[in-house]
Amino acid sequence: MDTTSDQRQPVFEVRGANKHYGGVHALIDVNLKAYAGEIVGLVGDNGAGKSTLVKVVAGTFEPDSGEIFVDGERHRWRSPLDAIEAGIETLYQDSGLAPDLTIGSNVFLGREKMRRGLLGRLGFVDQRAMEKEALEDLEKVGITVPPSKRTVAQLSGGQRQAVAIGRAISWARKVILLDEPTNHLGARQAQEVLSVMRAAKEKGLSVIFVSHTLPHVLEVTDRIVVLRLGRVVRDAPTSGFTAESLLATITGLDEVGGAPES
Ligand SMILES: Nc1ncnc2c1ncn2[C@@H]1O[C@H](COP(=O)(O)OP(=O)(O)O)[C@@H](O)[C@H]1O
Ligand SMILES: [Mg+2]
């Protein structure tokens, strides 16, 4: 495995992560670093361990072994809320929005703004403020929602995904993990998602982009980490990959008599 010799402190780091599902060793001694203001592509064939790694980082479950650092400080997630509190937001593969809720409610799902009620004791959800702030947050990352469309059910697939990403970006303070965010999107919608990712990078966030759409990965990322059968087999700047070499690294053809590893 190649390592990047970067002297900056990573905003986020996983060291030596292992995860088993019964007899399946889904992550094997995985290291992953992410720096502020960069987009990291996380690629690999089906079953390579991408989603498992995302879940370990997001606190969905603890790895069997391994350490997690944020800004150089060791953390241990007891639940996804711990990761969120540390500034890490996640868009899970196939995660849904709540279709019957308004866009604002979706952006704020689970952390609704409470307005102080009478005597400052009984709070209630401040719907008006929430809708306004949600749309402003989305606009900041370049997503405009037509005024006629106010619930998620009224949105197209691309718009829904944009809202889901907008939600994650508007809350993320340090890291945003996007697991296959352009799946099932048309070409133009996928491009919109890529622009939103660039906006997140400009904001100084570290974006981890899981995808098997290699042209998107080559287009938008600064660095690519390749997982194969649970192991990181390559971690290198995107500029060092071609479409062919990336595919060969993913499939392992680079090691079985194909192109020599560059
Ligand atoms: N909940 C689970 N229970 C059992 N095995 C799982 C579970 N989730 C993933 N796996 C297995 O772990 C490996 C990695 O899966 P996953 O992380 O989903 O890969 P990817 O996202 O790269 O396609 C695969 O062999 C998969 O079958
Ligand atoms: Mg997956």
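Going by the structure above, here's the rest.
Heads up: these notes are all about the structure in this document. (Residues numbered from 1 in each chain as written. Chains lettered and ligands numbered in written order. Predicted model: local features only at pLDDT ≥ 70, side-chain atom pairs only at ≥ 80, totals over all residues.)

The secondary structure content of the protein chain amounts to eight helices and twelve strands. By residue count, 38% of the 262 residues in the protein chain fall in the buried class. At a minimum sequence separation of 6, the contacts of the protein chain that also span at least 24 residues come to 68%. (Helix = DSSP H or I, 4+ residues; strand = E, 2+ residues; numbered from the N terminus. Buried ≥ 20, exposed ≤ 12 C-beta atoms within 10 Å, placed from the backbone. Contact = placed C-beta atoms within 7 Å.)

For the rest of this paragraph, the subject is the nonpolar core. With 56 residues, the main nonpolar core has V175, I176, V207, I208 and F209 as its most contacted residues. When residues in this core are grouped by element, the largest group, six residues, is from helix α5 (residues 157–171). Not counting the four nearest positions on each side in its chain, V207 is found in contact with I39, V40, I176, L178, M197, A200 and K201. (Core = buried A, V, L, I, M, F, W, Y, C linked by C-beta atoms within 7 Å.)

Our next topic: the site of ligand 1. By nearness alone, every residue bordering ligand 1 is listed as Y21, V24, A26, G44, N46, G47, A48, G49, K50, S51 and T52. Looking at the shell around ligand 1, the elements with two or more residues in it are β2 (24–34) and α1 (50–58). If one sorts the elements of the shell around ligand 1 by residue count, α1 sits on top with three residues. A class-by-class count of the residues in the shell around ligand 1 yields four nonpolar, six polar and one charged. (Near = placed C-beta within 6 Å. Nonpolar A, V, L, I, M, F, W, Y, C, P; charged D, E, K, R; others polar.)

The mixed open sheet is built from six strands, whose spatial order is β6-β9-β10-β3-β11-β12. In this open sheet, the two strands that pair with only one neighbour each are β6 (88–91) and β12 (231–237). Put simply, the sheet's adjacent strands are angled 15° from each other on average, direction ignored. In terms of strand pairing, strand β3 (residues 39–43) meets strand β10 (residues 206–210) through four bridges, oriented parallel. Following the sheet pairing, L42 is matched in β10 by V210. The sheet strands contacting α1 are β3, β6, β9 (175–179), β10 and β11 (223–228), and the helix crosses β9 at an angle near 150°. (Pairing = 2+ DSSP bridges. Axes fitted to C-alpha atoms, helices over the stretch in contact; angles between N-to-C directions.)

Sheet topology note: the β11/β12 ladder contains six bridges and is antiparallel. What sits directly across from V225, in β12, is D235. Taking the residues between adjacent antiparallel strands as the criterion, β11 and β12 are bridged by two residues, where L229 takes a positive phi near 45°.

Further remarks concern the sheet that holds strand β1 (residues 12–21). Read from one edge to the other, the open sheet built from four strands follows the order β2-β1-β4-β5, with strand pairing classed as antiparallel. Strands with a single pairing partner mark the edges of an open sheet, and in this sheet they are β2 and β5 (73–75). On average, each strand axis in the sheet is inclined to that of its neighbour by 30°, with strand direction left out of account. Two strands pair when backbone bridges link them, and β1 and strand β4 (residues 65–70) are joined in this way by five bridges, in the antiparallel orientation. Bridge pairing in β4 links E13 to F69.

Counting buried positions along α1 yields eight of nine residues, so the element is predominantly enclosed. With its phi angle positive at about 85°, G59 sits one or two positions after the end of α1.

With that settled, the discussion passes to the environment of A153. Looking at where A153 falls in the secondary structure, it is placed in the loop between α4 (127–140) and α5. For A153, a count of 12 C-beta atoms within 10 Å translates into the label exposed. For the pair A153 and T102, spaced 51 residues apart in sequence, the C-alpha to C-alpha distance is 8.6 Å.

Before going further, it helps to examine helix α6 (residues 187–202). Because the α-helix completes a turn every 3.6 residues, residues three or four places apart line up on one side. The end-to-end C-alpha distance of α6, which contains 16 residues, comes to 23 Å, matching closely the 22 Å that a straight helix rising 1.5 Å per residue would cover. Looking at α6, one finds that the buried residues are V193, V196, M197 and A200. Projected down its long axis, α6 shows its buried positions confined to an angular sector of 100°, all on one face. What points out from α6, more than 90 degrees from its buried face, is the exposed set A187, R188 and E202. Directly beyond the C-terminal end of α6, a positive phi value near 95° is found at G204. (Expected span 1.5 Å × (residues − 1). Arc of directions from axis to C-beta.)

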